Amino acid sequence: MAESFYGDTEASQEAFRDGWFYPGDLGEMNDEGYLFLKGRSKDMIIRGGVNIYPQEIEATLRGHPAVLEAAVVGWPSREFNEEVAAFVIRKGEVDQASLTALCRQALASYKVPREIFFVDDLPRNSSGKIVKADLVSRLSPL
């Protein structure tokens, strides 16, 4: 049984406590006892004190027929702590205004991305997961 990450004491102290592994998954249980995953704690965006789960915004963007893939990150902001930024890979013709309108229809106003960046690919680690920290590093603080 794993008890730590090799060579990373800080991450180990955060993830392993009292014999349990805490991966940082966030979920919500409904009245019927079903668990719904909301995302990962390290991916959560805190905008003006409100928690925003990128997974919801990503799913909304992917719902557009011209969007192949989307990744949403927190954009460092002096005013709100973080703003919402989206990175989108297109598979057809779509512009920022159309995707913003889609988000305005489907999401609360504070969840609508401040900016949508169109990219050819998304940075991935060796297991194929999107490296959101690399996307954040592309953004200049607001």
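That block above? That's the structure.
Reading the values: the criteria
- Residues numbered from 1 in each chain as written.
- Predicted model: local features only at pLDDT ≥ 70, side-chain atom pairs only at ≥ 80, totals over all residues.
- Heavy atoms only, no water.
- Pairing = 2+ DSSP bridges.
- Helix = DSSP H or I, 4+ residues; strand = E, 2+ residues; numbered from the N terminus.
- Axes fitted to C-alpha atoms, helices over the stretch in contact; angles between N-to-C directions.
- Contact = heavy atoms within 4.5 Å.
- Buried < 20%, exposed > 50% of the residue type's maximum accessible area, 1.4 Å probe, protein only.
- Arc of directions from axis to C-beta.
- Phe/Tyr/Trp six-rings, centres within 6.5 Å; stacked < 30°, edge-to-face > 60°.

What exactly am I supposed to notice about the sheet that holds strand E8 (residues 81-90) here?
Strands belonging to one sheet form pairs held by backbone hydrogen bonds; the direction of such a pair is parallel or antiparallel. With mixed pairing, the three strands of this open sheet are ordered in space as E7-E8-E9. The open sheet has two free edges, formed respectively by strand E7 (67-77) and strand E9 (115-118), since each of these has just one partner strand. Along the sheet, successive strands turn relative to each other by an average axial angle of 25 degrees, direction set aside. Note that E8 and E9 share four bridges and pair parallel. Counted as the bridge partner of phenylalanine 87 is phenylalanine 117 from E9. This element, helix H2 (residues 54-62), spans E7, E8 and E9 of the sheet and lies at about 145 degrees to E7. Along the sheet, helix H3 (residues 96-106) makes contact with E7, E8 and E9, crossing E9 at roughly 135 degrees.

How should H2 be read in this particular structure?
Residues three or four positions apart in an α-helix share a direction because the helix packs 3.6 residues into each turn. Considered for burial, the residues of H2 that qualify are Pro54, Ile57, Glu58, Thr60 and Leu61. Angular distribution of buried residues about the axis of H2 spans 160 degrees; they occupy a single face of the element.

Would you mind going over the packing of aromatic side chains with me for this structure?
The geometry of an aromatic ring pair is captured by the separation of the ring centres together with the interplanar angle, meaning the angle of the planes. Summed over the entire model, instances satisfying the criterion amount to three aromatic pairs. Summarising the aromatic geometry, the rings of phenylalanine 87 and phenylalanine 117 are spaced 5.2 Å apart at their centres and angled 25 degrees between planes, so their arrangement reads as stacked. Taken as a pair, phenylalanine 87 in strand E8 and phenylalanine 117 in strand E9 lie far apart in primary sequence, 30 residues in all. The exposure class assigned to phenylalanine 87 is buried, which follows from its relative accessible area of 3%. Taken together through their ring pairs, the aromatic side chains of Trp75, Phe87 and Phe117 make up a single cluster.

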